[in-house]
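Take a look at the letters that make up each chain.
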Amino acid sequence: MDIGMIGLGRMGSNMVRRLSRAGHRCVVYDHNTAAAQALAAEGATPAASVQELLAKLATPRIVWIMIPAGAVDVLLKSLTGALRTGDIVIDGGNSHFADDMRREQEMAALGVRYLDIGTSGGTWGLERGYCLMIGGDRQAVQQIDPLLAALATGGTGGSTASRGYLYVGSSGAGHFVKMVHNGIEYGLMAAYAEGFNLLHRAATQRDTQVVDAETAPTRSRPPKSLDFGLDQLAELWRHGSVVSSWLLDLLAAQLAENPTLDKFAGRVADSGEGRWTIEAAVEAGVPVPMLATALFARFSSRGESEFANRTLSAMRLGFGGHVETPARPAS
């Protein structure tokens with residue numbers, strides 16, 4: 001099949017490679033011309049503009065967009081005059097599901113079918129395949145099934161879910177499911193981070209116990225000798241443990257390369273889906289305390305709780321004369 005890919009970043013480029021290897025013809029565009037030329041060397045057809053990309057595709061055109069959520073509306077507006085009845089436009093990024101519902105109506109007025117496909121797999125998708133959560137017109141989904149099958153993980157079984165892709169509902173459903181998927185991801189990552197932080201602190205804490213009015217006494221100490229490296233512990237848990245996962249595999253690889261993780265500053269970004277998950281939970285009246293805590297922990301990692309912490313110190317000084325304890329050196 002012919003497909004146009006707009007957005008050739010970490011995921012878009014590898015999706016093109018995976019589609020090309022499955023025999024599909026890919027026309028590609030990115031504002032970074034070097035990205036398009038790199039794929040041209042691997043068999044893709046580069047385009048100098050989005051209009052040229054459309055002109056190079058067989059009709060009805062299939063266009064897959066892999067760009068930041070905030071840029072999608074501007075791109076769709078630039079495509080409007082060139083799109084034709086029967087064309088299919090796919091947003092495979094991380095747009096908000098409400099935007100998908102609006103865009104589907106706008107595209108339908110032009111006779112264009114719009115799909116939202118939540119795409120998970122990251123930079124490993126080229127090798128492992130992608131997990132695809134699909135919302136929109138079911139007939140359009142059936143039409144692009146060969147593309148979905150090529151991008152997905154494969155596998156065996158009677159359902160497409162066992163092969164890595166699934167139609168999950170009307171417009172917006174794909175990104176709604178992917179949004180919750182990413183909210184869960186935040187929580188899983190936070191659990192690993194907190195557990196390994198506890199292990200790190202227990203293995204590196206000093207033997208001496210500080211005794212003063214500002215330090216809580218320790219009732220029990222960890223074992224006198226904790227003889228493990230976090231890299232080896234992560235590797236151990238990958239084999240037979242109930243907490244084994246692909247996330248743990250990735251963490252183990254990082255710890256093996258850099259056991260102290262000192263190349264990271266620990267300022268953790270959030271790209272939006274975690275926030276939207278919490279907003280959706282509030283609207284539905286559904287408790288998601290762990291997912292919310294994981295999101296707020298990311299805010300704290302970027303210094304957003306600094307003034308709150310200074311406020312706590314100020315109040316303690318005011319009511320009890322508690323002098324703020326100097327910060328410990330980072331370890």
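Refer to the structure above for everything that follows.
Residues numbered from 1 in each chain as written. Predicted model: local features only at pLDDT ≥ 70, side-chain atom pairs only at ≥ 80, totals over all residues. Heavy atoms only, no water.

Draft legend 1. Geometry of the side chain of Thr 277. Relative to the elements of secondary structure, Thr 277 occurs in helix H12 (residues 273-284). Setting aside anything within four residues of it in sequence, one finds Thr 277 in contact with Met 179, Val 180, Gly 183 and Leu 291. (Helix = DSSP H or I, 4+ residues; strand = E, 2+ residues; numbered from the N terminus. Contact = heavy atoms within 4.5 Å.)

Draft legend 2. Structural context of helix H5 (residues 97-108). Between its terminal C-alpha atoms H5 stretches 17 Å, which fits the 16 Å expected from twelve residues at 1.5 Å a residue. Taken as a whole, H5 has its buried residues at Phe 97, Asp 100, Arg 103 and Met 107. Looking down the long axis of H5, one finds its buried residues gathered within 105° of arc, a one-sided arrangement. Each element contacted by the buried residues of H5 is listed here: helix H4 (72-79), strand E5 (88-91), strand E6 (113-120) and helix H9 (173-204). (Expected span 1.5 Å × (residues − 1). Buried < 20%, exposed > 50% of the residue type's maximum accessible area, 1.4 Å probe, protein only. Arc of directions from axis to C-beta.)

Draft legend 3. Molecular detail of H9. Look at H9: 47 Å from first C-alpha to last across 32 residues, which is about the 46 Å you get at 1.5 Å a residue. Along H9, the positions that sit buried rather than exposed are Ala 173, Gly 174, His 175, Lys 178, Met 179, Asn 182, Gly 183, Tyr 186, Gly 187, Ala 190, Tyr 192 and Phe 196.

Draft legend 4. Inspection of the nonpolar core at higher detail. Counting 32 residues, the largest nonpolar core has Met 5, Val 28, Trp 64, Ile 117, Leu 132, Ile 144 and Leu 148 as its most contacted members. Setting aside anything within four residues of it in sequence, one finds Ile 117 in contact with Trp 64, Ile 90, Asp 91, Gly 92, Gly 93, Leu 132, Met 133, Ile 134, Ile 144, Leu 148 and His 175. With 20 residues, the next largest nonpolar core counts Val 27, Leu 75, Val 112 and Tyr 114 among its residues. (Core = buried A, V, L, I, M, F, W, Y, C linked by side-chain atoms within 4.5 Å.)

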